[in-house]
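# Structural characterization, general
One letter stands for each residue in the lines below.
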Amino acid sequence: MGVQEKTLNEHVARYVLSGTSCVCAAMVTNPIDVIKVRMQLDNELRESGKAVSALRERYYQGFIRGSFTIARDEGVRGLYKGVFPSILREASYSTIRLGSYEPMKELLGATDPAHTPLWKKILAGATSGAIGSSIATPTDLVKVRLQAERRLPPGVQPRYRSTFHAFGEIWHTEGLRGLYRGIGPTVQRAAILTASQIPSYDHTKHAILNAGLMEEGFPLFCVSAMVAGFITAFVTSPVDVIKTRIMNQASKHLPRDQWLYRSSLDCLLKTLRSEGPFGLYKGFIPNWMRIGPHTIVTFLIFEELRRLIGMKAM
């Protein structure tokens, strides 16, 4: 086998393994994602100056009680709302962002994984994340809208009957632009998330290896993934709240000047005025509880699959 063919096969394998590991992680963490979305939208834009009461009078009172509330109102199936578009999202967006990370590092001149400067890792992560999310925004939009829908009163029809109905309805009523609503904050979040998640995993892992504290293997993957999960959740929570609110807002048949949020900046300022800084960290615990396990499952499967096919560790 020629060098070029071997390199091509390795790239293809990396993308396939990236998508497989991220889809598995999404299936495991979907219930946490539903709780996160509900908490981010809870008491949205309460009367200005009443940020404390907005925090106290939430319908979903924290991560644990919120999960019981959803299960009580909608059954266990409620915790798996949006799982199919979530899988579609991971199969497209995450395949690109994780699969492109290492080739992107190499384009920046990173030839030694153990001694690559952090800035190159961050830039590679931000670029691959932005590219992946700009392509896969419609799947993220449908996922958010399906997950956001609470239990409906008797006789009231759901906003969308299924994933494909949601795609069709949004295309019919809002056009192509409707499917890409929120692309700005989505790309921003993806760039920030990938620039923090993959590089922090990569950097933590090699820092531990270089210091001789641990050897390559399962315990090292877990420690590195847990560090990456916390850093990612802390950094991305504010932009994740903004993304969720813009994607979920009702804009059907409304002129742009009557939209609840006209831009990411508009959403940021309105949230701060109405709910204070804590409004930007609504759903932080489920966000962390989702990103942490998602990161661990993703990288454990990714590294193990690489080992099984004879590809060197990340």
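Residues numbered from 1 in each chain as written. Predicted model: local features only at pLDDT ≥ 70, side-chain atom pairs only at ≥ 80, totals over all residues. Heavy atoms only, no water.

This next bit is on the overall build of the chain. Helix and strand content of the chain: 11 helices and zero strands. Ordering the α and β elements of the chain from the N terminus gives α-α-α-α-α-α-α-α-α-α-α. Computed over the C-alpha atoms, the radius of gyration of the chain is 20 Å, within 12% of the 20 Å expected from 2.2 N^0.38 for a compact globule of 314 residues. Burial analysis of the chain (314 residues in total) assigns 52% to the buried set. Counting contacts in the chain only where the partners sit at least 6 residues apart, residues at least 24 apart contribute 77% of the total. When the accessible surface of the chain is totalled, it reaches about 14,600 Å², and 66% of it is carbon and sulfur. (Helix = DSSP H or I, 4+ residues; strand = E, 2+ residues; numbered from the N terminus. Rg over C-alpha atoms; globule rule 2.2 N^0.38 Å. Buried < 20%, exposed > 50% of the residue type's maximum accessible area, 1.4 Å probe, protein only. Contact = heavy atoms within 4.5 Å. Areas by Shrake-Rupley, 256 points an atom, 1.4 Å probe, with all protein chains shown as cover.)

Turning to the pattern of salt bridges, a few remarks are in order. Under the definition given, this model contains 23 salt bridges. A salt bridge links arginine 181 to glutamate 174, with the nearest nitrogen and oxygen atoms 2.4 Å apart. When its relative accessible area of 10% is taken as the criterion, arginine 181 is described as buried. With relative accessibility at 18%, the residue glutamate 174 sits in the buried group. A cluster of three or more residues bridged by salt bridges with shared partners is formed by Asp33, Lys36, Arg89, Glu90, Asp140, Lys143, Arg189, Asp240 and Lys243. (Salt bridge = Lys/Arg side-chain N within 4 Å of Asp/Glu carboxyl O.)

Let's shift gears to the side chain of asparagine 248. Counting through the fold element by element, asparagine 248 comes out in helix 9 (residues 218–248). Polar side-chain contacts of asparagine 248 include one of 3.4 Å to the side chain of arginine 159. The contact partners of asparagine 248, leaving out residues within four places of it in the chain, are Leu41, Val144, Arg145, Ala148 and Arg159. (Polar contact = N/O pair within 3.5 Å; in protein donor to acceptor, adjacent residues only side chain to side chain.)

Relative to the elements of secondary structure, threonine 163 occurs in helix 7 (residues 163–179). Distance in space between the C-alpha atoms of threonine 163 and isoleucine 96 is 22 Å, their sequence separation being 67 residues. Once you skip the residues sitting within four places of it in the chain, threonine 163 turns out to touch Phe84, Pro85, Leu88, Val142 and Leu146.

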